[in-house]
Amino acid sequence: MTASSPDTVARRYTVADFDFHLPPELIAQHPAPERSGSRLLDGTGNAPADRVFRDLPALLQDGDLLVFNDTQVVKARLFGQKSSGGQLEMLIERVLLPHEASDGTAHEVVAHLRVSKKPQMGGVLHMAGGLAGGGFDAVFLGRWPDEQGQLFRFRLQGPAGETPYELMARHGHVPLPPYIDHSDDADDERRYQTVFARVPGAVAAPTAALHFDDAVLAALDARGVQRASVTLHVGAGTFAPMKAGRIEDHVMHHERYAIPPATLQAITDCRARGGRVVAVGTTTVRTLESWARSGETAGDTNIFITPGFDFRVVDLMLTNFHLPQSTLMMLVSAFAGFDPIRALYAHAIAQRYRFFSYGDAMLLERHP
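Just so it is clear, the model here is predicted, and its values are computed rather than measured. (Residues numbered from 1 in each chain as written. Predicted model: local features only at pLDDT ≥ 70, side-chain atom pairs only at ≥ 80, totals over all residues. Heavy atoms only, no water.)

**Some thoughts on the pairing of strand S6 (residues 87–95)**
The side chains of a regular strand alternate between both faces of the sheet. Formally: Throughout this description, buried means an accessible area under 20% of the type-specific maximum (1.4 Å probe, protein chains only), exposed means over 50%, and partly exposed covers the range between. The helix and strand labels rest on DSSP assignments: H or I over at least four residues marks a helix, E over at least two residues marks a strand, and numbering proceeds from the N terminus. In this scheme, strands are said to pair when DSSP sees at least two bridges between them.
Of all the 9 residues making up S6, 8 are buried; the element is thus mostly covered by neighbouring parts of the structure. Of the strand pairs in this sheet, strand S5 (residues 77–82) and S6 are connected by 5 bridges, and their pairing is antiparallel. Bridge pairing in S6 places Phe-79 opposite Glu-89.

**Some thoughts on the layout of surface pockets**
The condition that has to hold: Any residue with an atom within 4 Å of a point lines the site, the site being either a cavity, points on a 1 Å grid over the protein atoms alone where a 1.4 Å probe fits but cannot get out, or a pocket, an open set with protein on both sides within 12 Å along at least 5 of 7 lines. Grid points are joined across faces, edges and corners, and a volume is the space filled by probe spheres set on the points. Gly falls in the polar group here, along with every residue not listed as nonpolar (Ala, Val, Leu, Ile, Met, Phe, Trp, Tyr, Cys, Pro) or charged (Asp, Glu, Lys, Arg).
By volume, the second largest pocket amounts to about 200 Å³. At the level of elements, helix H9 (338–350) and strand S17 (361–365) are the ones that each hand at least two residues to the lining of the second largest pocket. The greatest single-element share of the lining of the second largest pocket, amounting to 3 residues, is contributed by H9. Considered class by class, the residues forming the lining of the second largest pocket number 8 nonpolar, 5 polar and 2 charged.

**So, the sheet that holds strand S10 (residues 151–157)**
The line we're drawing: Think of each axis as a best-fit line through the C-alpha atoms, taken over the contacting stretch in the case of a helix, with angles from 0 to 180 degrees between the N-to-C directions. Throughout, a contact is declared for two residues whenever any of their heavy atoms are within 4.5 Å.
Pairing within the closed barrel is antiparallel, and its 6 strands lie in the order S5-S6-S7-S10-S9-S8. Averaged over all pairs of adjacent strands, the angle between strand axes in this sheet comes to 45°, irrespective of strand direction. By the bridge criterion, 3 bridges tie S5 to strand S8 (residues 124–127) in an arrangement that is antiparallel. Bridge pairing in S8 places Lys-82 opposite Leu-125. Sitting on the sheet, helix H3 (residues 164–171) touches S5, S6, strand S7 (108–115), strand S9 (136–144) and S10, and the angle it makes with S6 is about 135°.

**Some thoughts on the confidence of the model for the chain**
Inclusion rule: Per residue, pLDDT measures the predictor's confidence, with a range of 0 to 100.
Overall, the predicted model of the chain reaches an average pLDDT of 94, with 97% of residues at or above 70. Confidence drops under a pLDDT of 50 for residues 1–11, and excluding neighbours within four residues, the segment shows 28 contacts in the predicted structure.

**A closer look at the pattern of salt bridges**
Selection rule: The term salt bridge refers to a side-chain nitrogen of Lys or Arg lying within 4 Å of a carboxyl oxygen of Asp or Glu.
Under the definition given, this model contains 22 salt bridges. The salt bridge partner of Glu-89 is Arg-114, with a shortest N-O separation of 3.7 Å. Taken together, the residues Glu-89 in strand S6 and Arg-114 in strand S7 connect sequence positions 25 residues apart. Linking Arg-155 and Asp-103 is a salt bridge whose minimum nitrogen-to-oxygen distance equals 3.0 Å. With a gap of 52 residues between them, Arg-155 in strand S10 and Asp-103 in the loop between S6 and S7 connect regions that are remote in the sequence. By relative accessible area, Asp-103 is classed as partly exposed at 34%. It is possible to trace a salt-bridge network through shared partners that takes in Asp-103, Glu-108, Arg-153 and Arg-155.

**Side note on the packing of helix H7 (residues 282–294) against helix H8 (residues 327–336)**
Quick note on the threshold: To sort the angles, those under 35 degrees are grouped as roughly parallel, those over 145 as roughly antiparallel, those from 65 to 115 as roughly perpendicular, and the leftovers as oblique. By the definition used in this description, the sense in which the near helix is turned from the far one sets the handedness, with an anticlockwise turn below a right angle giving left-handed and a clockwise turn giving right-handed.
Viewed as axis vectors pointing N to C, H7 and H8 meet at an angle of 70°, and their least axial separation amounts to 11 Å. Considered as vectors, H7 and H8 are oriented roughly perpendicular to each other. Crossing of H7 over H8 shows left-handed handedness. The segment H7 lies against H8, with Thr-282, Val-285 and Arg-286 engaging Leu-328, Leu-331 and Val-332. Its residues assigned to classes, the contact of H7 with H8 comprises 4 nonpolar, 1 polar and 1 charged.

**Quick word on the packing of aromatic side chains**
Stated formally: Stacked, edge-to-face and tilted labels apply to pairs of Phe, Tyr and Trp rings (six-membered ring for Trp) whose centres lie within 6.5 Å, assigned for plane angles under 30 degrees, over 60, and everything in between, in that order. Consider the ring centre and the ring normal. A charge sits over the ring if Lys NZ or Arg CZ is within 6 Å of that centre and within 35 degrees of that normal.
Counting across every chain of the model gives 20 aromatic pairs. Measuring from centroid to centroid gives 5.8 Å for Phe-140 and Phe-152, while their planes differ by 50°, and the two rings are tilted. Of the two residues, Phe-140 sits in strand S9 while Phe-152 sits in strand S10, which places them 12 residues apart along the sequence. One exposure class covers both Phe-140 and Phe-152, and it is buried. In textbook terms, an aromatic cluster arises when at least three aromatic residues are bridged by ring pairs, as seen for Phe-20, Tyr-179, Phe-321, Tyr-345, Tyr-353, Phe-355 and Phe-356. One cation-aromatic arrangement involves Arg-39 over Tyr-353; the distance from NZ or CZ to the ring centre is 3.8 Å.

**Quick word on helix H5 (residues 214–223)**
Selection criterion: In this description, the arc belongs to the directions extending from the helix axis to the C-beta atoms.
What H5 keeps buried is the set Val-216, Leu-217 and Leu-220. Projection of H5 onto a plane perpendicular to its axis shows the buried side chains occupying an angular sector of 100°, all on one side. Facing away from the buried side of H5, by more than 90 degrees, are the exposed residues Asp-214, Ala-215 and Ala-222. Residues of H5 that are buried sit in contact with helix H2 (56–59), strand S3 (65–69) and strand S12 (226–232). In the segment just after H5, Gly-224 is the residue with positive phi, at about 90°.

**Side note on the environment of Glu-25**
Rules: Polar contacts, as counted here, are pairs of nitrogen or oxygen atoms within 3.5 Å of one another; within protein the pair requires one atom able to donate a hydrogen and one able to accept it, and residues that are adjacent in sequence qualify only if both atoms are side-chain atoms.
For Glu-25, the position within the fold is in the loop between helix H1 (6–12) and strand S1 (39–42). The sequence separation of Glu-25 and Arg-352 amounts to 327 residues, and the corresponding C-alpha distance is 9.2 Å. Of the polar contacts made by the side chain of Glu-25, one reaches the side chain of Arg-352; its length is 3.2 Å.

**Examining the packing of H8 against H9**
It is at 7 Å that the axes of H8 and H9 come closest, and there the two elements cross at 115°. The element H8 and its partner H9 pack so that their crossing is right-handed. Across the interface between the two elements, Met-329, Val-332, Ser-333 and Ala-336 from H8 touch Phe-338, Pro-340, Ile-341 and Tyr-345 from H9.

Written out as structure tokens, the structure reads:
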């Protein structure tokens, strides 16, 4: 589903309007020592306010509803070789459900592939040493989602019929974003994951939620702030640069989402008591606003939120700082207003906030 307003967006904004200069040293390479010790830029008032993330409960109200994304990051980055010996890297984007797979099993995946020469139909890639060497094999089944698709579909063959999730857990690496310049380690396994991650399937973390810890959650409970969850499996497309010259020509990537009945009821109850719906992260925003337009509580979304978008569910949003000229910069600009976001980003850079996945957070209120 695509939900933008081309008539207003195309005339008012270009991709270049969402650019900004970021000193490279402000790109966070590691998380803060404590999750809730990150900085929090409060953008809900007339002027930016510099806070610490553990201040968040005091900024919310009794009866507000925080909605989290409970997706779990999987170790989706894998290394292997072709039968000819050439080295390759695979990033599994999603595990296909049985009804999506050609053989009706849960052993097929779609993936990005970094290799010198693409495999031939039926070709076998030997991952983590291959099936004969303690790893597993990947049989190439074709492009995805169609013959012109940019992703590749594979059937994974591991020992004793291990599932793709089991194979990734045993042989994979944490899929850190491309702007983080170190290989994953034990600390990344722990910190590039939220404390409430529950449903495996993401190849990127819902980073606004990385700041929550048990102490903040307890303080929110004491404040009377309610909690609910959605699931959106974040794809690698979240890091992809916009290639289209015009905003309205950009093709968004698809991501799988689901909203449980309990969350729908929690939103209804929140509205009835006069509370505010607070989305933790852009992935939660995209999930809730996709449901508001389609009425579908589960499926795929490619919703593209740009200035001019009419938000129907979310009142406040917690988010990290995003890449220049990215679809997420457009989303937060649509939510809080183009000029306010420019001012908040300028303040964050001047005050040396830490940017991107392991960086600091920002609290935004929906622009009228």
